[in-house]
Amino acid sequence: MRWAALGVVYVVWGSTYVGIKFSIETMPPMLSAGARFMTAGLVLALVLRGRMRMTWPQFRTALLVGLLLPAWGNGLVVVAQQSVPSGLAALLVASVPLYVVLLRRIGGERPPYVTYLGVVLGLVGLAVLVLHDVSGSTWWGPLVVLLAAFGWALGTYLNGRLPSADPFAMSAVEMLTGGLALTMIGVFAGERVTLSEVSPASWWAWGYLVVFGSLLAFSSYVYVLGKLPVSTVSTYAYVNPVIAVLLGVWLADERFGLFQLAGGLLVVLAVLLVVRAERKCRT
C-alpha cells in the first residue's frame, strides 16, 4: 500500500505542473489554487466524517503543515508558473531532497552516505536539465520556485516530527487550511474571477488538479510520510520532472532534447540510489 501510494505521488504530481499551466491561463493563480484545495479538503472531510477526530496538538500540526505545503509550497509554484515553463518548475522543485537532507543534519540525524550521493547526483541531473534551456522565465520566477521548494521541504520534515492523527484526516485539514490561506491572499492581492472568461481547458485542468492532484496525490503524500523515510518520500521530486517534461512536450509544445534525456536519466538513477540506501538503513 505504501509503495503504491508513493507511486501515485511519483506519477500524478508530475502531471500537475502541466495542469497548473493550463488552469492559470484564464484563472487567477491564488484564487484558483485556493479553491482547488478548499474543494478537495471539504470533499475529503465529508467522506471521512467520523474519522476527523484529533487532539489540539494534532490539529496544530495540520494547521502548520497546511500553511507550509499547500499554501507556501504549492501556492508559490502556481505564482511562479505565470512566467516559468511547467517543465522547468518541476525541475527546480527537485531541490526538495537537498533541503530535506540539510534539515535532517541540522536536526541531528545522520543519513546514509549513499543518500548524499543520490542527492548530489540528482542535483547534477537537475543542473543539466536547467542549464540546457531557461528561456521563457523572468529573473524572479525560478527563485520563487526554489523558495516554494524550501517551504515544501520544511513541511515534509516537520510532518514526521510533530503529533499526528489519521493521515487522511490530517490531509483534509491541511488542504482546507492551505486553501483558505491562498484564497485570502488572492482576495487581498486584488484577484477576481470572471466565470465567463474561464476557458473550458482551464476548467478541465482545474478539475483534474482537484481530483487527482489534491484528493488522490496529496492524500497519498501525507499517508506515505508516516510510512516511509522522509528521504525516500522526497525522491518524488526527482521523478516528477521527468513526467512533467514528457507531458510538456506532448501537451504544451515544450522542447525535449538530448541534454534533457541525459539529465532525466541521472535523476532516475538518483532516485534508485536514495531508495536503496533508505531501505537498507531501515532493515
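Scroll up to find the structure this text is about.
Cut-offs used in this document
Residues numbered from 1 in each chain as written. Predicted model: local features only at pLDDT ≥ 70, side-chain atom pairs only at ≥ 80, totals over all residues. Heavy atoms only, no water. Helix = DSSP H or I, 4+ residues; strand = E, 2+ residues; numbered from the N terminus. Rg over C-alpha atoms; globule rule 2.2 N^0.38 Å. Buried < 20%, exposed > 50% of the residue type's maximum accessible area, 1.4 Å probe, protein only. Contact = heavy atoms within 4.5 Å. Areas by Shrake-Rupley, 256 points an atom, 1.4 Å probe, with all protein chains shown as cover. Lys, Arg positive; Asp, Glu negative; His and termini not counted. Charge placed at Lys NZ, Arg CZ, Asp CG, Glu CD. Phe/Tyr/Trp six-rings, centres within 6.5 Å; stacked < 30°, edge-to-face > 60°. Arc of directions from axis to C-beta. Salt bridge = Lys/Arg side-chain N within 4 Å of Asp/Glu carboxyl O. Patch = residues over 30% accessible without salt bridge, like charges linked within 9 Å, V, L, I, M, F, W, Y side chains within 5 Å. Axes fitted to C-alpha atoms, helices over the stretch in contact; angles between N-to-C directions. Parallel < 35°, antiparallel > 145°, perpendicular 65-115°, else oblique. Left-handed = near helix turned anticlockwise from the far one by under 90°. Nonpolar A, V, L, I, M, F, W, Y, C, P; charged D, E, K, R; others polar.

## Some points on the overall build of the chain
Part 1 of the argument: Summing up its helical and strand segments, the chain has 12 helices and zero strands in all.
Part 2 of the argument: Whereas a compact globule of 283 residues would reach a radius of gyration of roughly 19 Å, the chain reaches 18 Å, a difference of no more than 12%.
Part 3 of the argument: With the C-alpha coordinates aligned to their principal axes, the bounding extent of the chain is approximately 50 × 50 × 30 Å.
Part 4 of the argument: Counting across all 283 residues of the chain, residues that qualify as buried make up 53%.
Part 5 of the argument: Long-range pairs, those at least 24 residues apart, make up 93% of the contacts in the chain with a sequence separation of at least 6.
Part 6 of the argument: Of the accessible surface of the chain, which amounts to about 12,700 Å², a share of 72% is contributed by carbon and sulfur atoms.
Part 7 of the argument: When the 18 basic and 10 acidic side-chain charges of the chain are each reduced to a single mean position, those positions are 16 Å apart.

## Remarks on the packing of aromatic side chains
Part 1 of the argument: According to the stated counting rule, one finds 14 aromatic pairs in the structure shown.
Part 2 of the argument: Both rings, one in Trp 13 and one in Tyr 236, keep their centres 5.4 Å apart while their planes meet at 55°; by these two values the pair is tilted. You can see Trp 13 sitting in helix α1 (residues 2-23) and its partner Tyr 236 sitting in helix α11 (residues 236-251), a full 223 residues away along the chain. The exposure classification of Trp 13 matches that of Tyr 236, with both residues buried.
Part 3 of the argument: Grouping aromatic residues by their ring pairs yields a cluster made of Trp 13, Phe 37, Trp 152, Phe 218, Tyr 221 and Tyr 236.

## What about helix α5 (residues 96-106)?
Part 1 of the argument: Taken as a whole, α5 has its buried residues at Val 96, Pro 97, Val 100, Val 101, Leu 103 and Arg 104. Buried positions in α5, seen along its axis, are confined to an arc of 160° and lie on one side of it.

## Details of the pattern of salt bridges
Part 1 of the argument: The final tally for this structure, using the stated rule, is three salt bridges.
Part 2 of the argument: With a shortest N-O distance of 2.7 Å, Arg 51 and Asp 166 are connected by a salt bridge. Placement of Arg 51 in the loop between α2 (29-48) and α3 (56-80) and of Asp 166 in the loop between α7 (141-159) and α8 (167-188) is noted, with a sequence separation of 115 residues between them.
Part 3 of the argument: Ionic pairing is found between Glu 109 and Arg 104, a salt bridge with its closest N-O pair at 3.1 Å.
Part 4 of the argument: Taking the relative accessible area as the measure of exposure, Arg 104 reaches 7% and is therefore buried.
Part 5 of the argument: Here the salt bridges do not stand alone but share partners, grouping Arg 104, Glu 109 and Arg 161 into one network.

## Let's talk about the environment of Ala 5
Part 1 of the argument: Mapped onto the elements, Ala 5 comes out in helix α1.
Part 2 of the argument: Counting along the chain gives 217 residues from Ala 5 to Val 222, while the straight-line C-alpha distance between them is 9.6 Å.
Part 3 of the argument: Ignoring any residue separated from it by four or fewer positions in sequence, one finds Ala 5 in contact with Ser 220, Tyr 223 and Val 224.

## A word on a nonpolar patch on the surface
Part 1 of the argument: Side chains of Met 38, Leu 180 and Met 184 sit close together on the surface and give an oily, nonpolar patch of about 280 Å² of accessible area.
Part 2 of the argument: Relative to the helices and strands, Met 38 resides in helix α2.

## Some words on helix α4 (residues 86-93)
Spacing of three or four residues puts side chains on the same side of an α-helix, whose turn is 3.6 residues.
Part 1 of the argument: Counted residue by residue, α4 has eight buried out of eight residues, so it is predominantly covered.
Part 2 of the argument: Here α4 has its buried residues at Ser 86, Gly 87, Leu 88, Ala 89, Ala 90, Leu 91, Leu 92 and Val 93.

## Some thoughts on the packing of α2 against α8
Part 1 of the argument: It is the contact of α2 with α8, at a shortest axis distance of 7 Å, that shows an interaxial angle of 155°. It follows from the interaxial angle that α2 and α8 lie roughly antiparallel. Here α2 and α8 pass one another in a crossing that is left-handed.
Part 2 of the argument: Of the residues that constitute the contact of α2 with α8, the class distribution is 20 nonpolar, six polar and no charged.

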